[in-house]
Amino acid sequence: MKLTKERIIDAGMATFAEVGYHGLSMRQVADRLGAHAGSLYYHVRSKDDLLALMADRVCRQAYDDGSAALAALPPGATWRDRIEVQATTLRQALLEHPGGALLLVDSPRMLSTGGLSLMERLLHTLLGAGVPAEHAGTAADTLLSHITGFVLQEQSEAHVAPVTEEVYADLHARFPLLLTQMPRLSQDEKFRRSLHLLCRAVATLVEGDSPAAADASQ
């Protein structure tokens, strides 16, 4: 098959999922494509360039999915609804790409326009909600950091053996506060609750809003 930038990105994503950032090399990508490493450089300038293109693909999918979900919100949707939609679609896009969370973490350094677009839209939502400009950047970065961290943990847990009832009972007896305060919830429910808490925190920055108002809107 003809070597194209899209095929190189496909191969890069597959290789990255197997070996991670430090293990990724242009030679490995070329081998997966059945091509010579030198031929890749006609389409992609370097490993860093490939990583930026990979990050951009994941972020563009998340951005497009978020745009569709935002457009489907009812007219009376709140800023919290808009944040939840952006966070949920981003998480889903990252889960669909093994290693996607790592790529998003590095996307600002890579100047991925897709990653920057996600941050720009989130900032627009926060500023539109009334978050002061001096706090909006920190709030947006905190939200995105939470999402990427949550997905990194989800993807790492996929390789851990499940805890048996016997082991869980023993842990509960030894660490009752921890196990009681952190019930065995589904990942979706954990994510929903974590977003709720973050939105309550953001609400303290919004003039005329409050955590109680955030609770009432849930």
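Here the residue numbering is sequential within each chain, running from 1 through the sequence in written order. Two thresholds apply to this predicted model, a pLDDT of at least 70 for residue-level local features and 80 or more for giving and counting side-chain atom pairs, whereas whole-chain, interface and lining totals are computed over all residues. Each side-chain value is derived from all of the structure's non-hydrogen atoms; neither hydrogens nor water enter the calculation.

On to the overall build of the chain, then. Per the convention used, a helix needs a DSSP run of H or I reaching at least four residues, while a strand needs a run of E reaching at least two, with both numbered from the N terminus. Within the chain one finds 12 helices and 0 strands. Listing every helix and strand of the chain by position from the N terminus yields α-α-α-α-α-α-α-α-α-α-α-α. Should any heavy atoms of two residues lie within 4.5 Å, those residues are considered in contact. The contacts of the chain with a sequence gap of at least 6 include a subset with a gap of at least 24, amounting to 67%. All accessible-area figures derive from a Shrake-Rupley calculation using a 1.4 Å probe, and residue coverage is judged against the displayed protein chains alone. Approximately 12300 Å² of the chain is accessible, and the part contributed by carbon and sulfur atoms is 58%.

With respect to the helices, strands and loops of the structure, Val85 is situated in helix α5 (residues 79-95). Residue exposure (1.4 Å probe, protein chains only): buried if accessible area is under 20% of the type maximum, exposed if over 50%, otherwise partly exposed. On the basis of relative accessibility, which here comes to 14%, the residue Val85 falls in the buried class.

As a rule, the C-alpha atoms of each element are fitted with a line to give its axis, helices using only the stretch in contact, and angles between N-to-C directions run from 0 to 180 degrees. Following both chains from N to C, one finds helix α4 (residues 47-71) and α5 inclined at 140°, their axes separated by 8 Å at the closest point. Between α4 and α5 the crossing geometry is right-handed. Of the residues in α5, those touching α4 at Val58, Gln61, Ala62, Asp65, Gly66, Ala69 and Leu70 are Arg82, Val85, Gln86, Thr89, Leu90, Ala93 and Leu94. Here the nonpolar group is Ala, Val, Leu, Ile, Met, Phe, Trp, Tyr, Cys and Pro; Asp, Glu, Lys and Arg are the charged ones; every other residue, Gly included, is treated as polar. Grouping the constituent residues of the contact of α4 with α5 by class yields 8 nonpolar, 4 polar and 2 charged. With the far helix as reference, a near helix turned anticlockwise by less than a right angle produces a left-handed crossing, and one turned clockwise produces a right-handed crossing.

So, on to the pattern of salt bridges. Definition used for salt bridges: Asp or Glu carboxyl oxygen within 4 Å of a side-chain nitrogen of Lys or Arg. Enumeration over the complete set of coordinates arrives at 10 salt bridges. Residue Asp188 is joined to Arg91 by a salt bridge in which the shortest nitrogen-to-oxygen separation is 2.9 Å. Linking Asp188 in helix α11 (residues 187-203) with Arg91 in helix α5, this pair joins segments that are 97 residues apart in sequence. By relative accessible area, Asp188 is classed as exposed at 52%. If you follow the salt bridges from partner to partner, you end up with Glu6, Asp10 and Arg57 in one network.

Judged by side-chain polarity, Leu102, Val105 and Leu152 come together as a nonpolar surface patch covering roughly 230 Å² of accessible area. Tracing the backbone shows Leu152 in helix α8 (residues 133-157). Only residues above 30% relative accessible area that lack a salt bridge enter a patch, with like-charged residues linked at up to 9 Å and the nonpolar side chains Val, Leu, Ile, Met, Phe, Trp and Tyr linked at up to 5 Å.

Quick look at empty space enclosed by the protein now. Site definitions follow a grid-based scheme: protein atoms alone, a 1 Å grid, a 1.4 Å probe that fits but cannot get out for cavities, and for pockets an open set with protein on both sides within 12 Å along at least five of seven lines, plus lining residues having an atom within 4 Å of a point. Grid points are joined across faces, edges and corners, and a volume is the space filled by probe spheres set on the points. Tallied over the full model, the rule gives 1 cavity of 30 Å³ or more. Considered as a void within the structure, the largest cavity measures approximately 90 Å³ in volume. Lining the largest cavity are Ile83, Gln86, Ala87, Leu90, Leu118, Arg121, Leu122, Leu143, Leu144, Ile147 and Leu195. For the lining of the largest cavity, the secondary-structure elements that each account for two or more residues are α5, α7 (113-129) and α8. The element best represented in the lining of the largest cavity is α5, accounting for 4 residues.

This part covers the confidence of the model for the chain. In this model, the chain carries an average pLDDT of 86, and 88% of its residues clear a pLDDT of 70 or more. Summarising per-element confidence for the chain, the mean pLDDT is lowest in helix α12 (residues 211-217) (49) and highest in α5 (95). Scored from 0 to 100, pLDDT records how confident the predictor is in each individual residue.

Looking now at the packing of α5 against α11. The contact between α5 and α11 brings their axes to 11 Å, and the two run at 140°. Taken together, the axes of α5 and α11 lie oblique to each other. As α5 packs across α11, the resulting crossing turns out to be right-handed. Contact with α5, carried on its side by Trp79, Arg80, Ile83, Glu84, Ala87, Thr88 and Arg91, involves Gln187, Asp188, Phe191, Leu195, Cys199, Val202 and Ala203 of α11 and no other residues of that element. Should an angle fall under 35 degrees it is called roughly parallel, over 145 degrees roughly antiparallel, and 65 to 115 degrees roughly perpendicular, with every other angle called oblique.

Aromatic rings from Phe, Tyr and Trp, with only the six-membered ring used for Trp, were paired whenever their centres fell within 6.5 Å, and each pair was classed as stacked if the ring planes differed by under 30 degrees, edge-to-face if by over 60, and tilted otherwise. In the structure shown here, the tally under the stated rule is 1 aromatic pair. Between the NZ or CZ atom of Arg91 and the centre of the ring of Phe191, over which it lies, the distance is 5.0 Å. Both a distance and an angle decide whether a charge sits over a ring: NZ of Lys or CZ of Arg must be within 6 Å of the ring centre and within 35 degrees of the ring normal. Across from the ring centre of Tyr63, 3.9 Å away, lies the NZ or CZ of Arg121, which sits over that ring.

Attention shifts here to the side chain of Gln86. For Gln86, the location among the structural elements is in helix α5. Relative accessible area serves as the criterion here: at 9%, Gln86 is assigned to the buried category. In this structure the side chain of Gln86 is engaged in a polar contact, spanning 2.9 Å, whose partner is the side chain of Thr125. Once you skip the residues sitting within four places of it in the chain, Gln86 turns out to touch Leu70, Arg121, Leu122 and Thr125. For the purposes of these results, a polar contact is taken to be a pair of N or O atoms within 3.5 Å, where, inside protein, one atom must be able to donate a hydrogen and its partner to accept one; residues adjacent in sequence count only when each atom of the pair is a side-chain atom.

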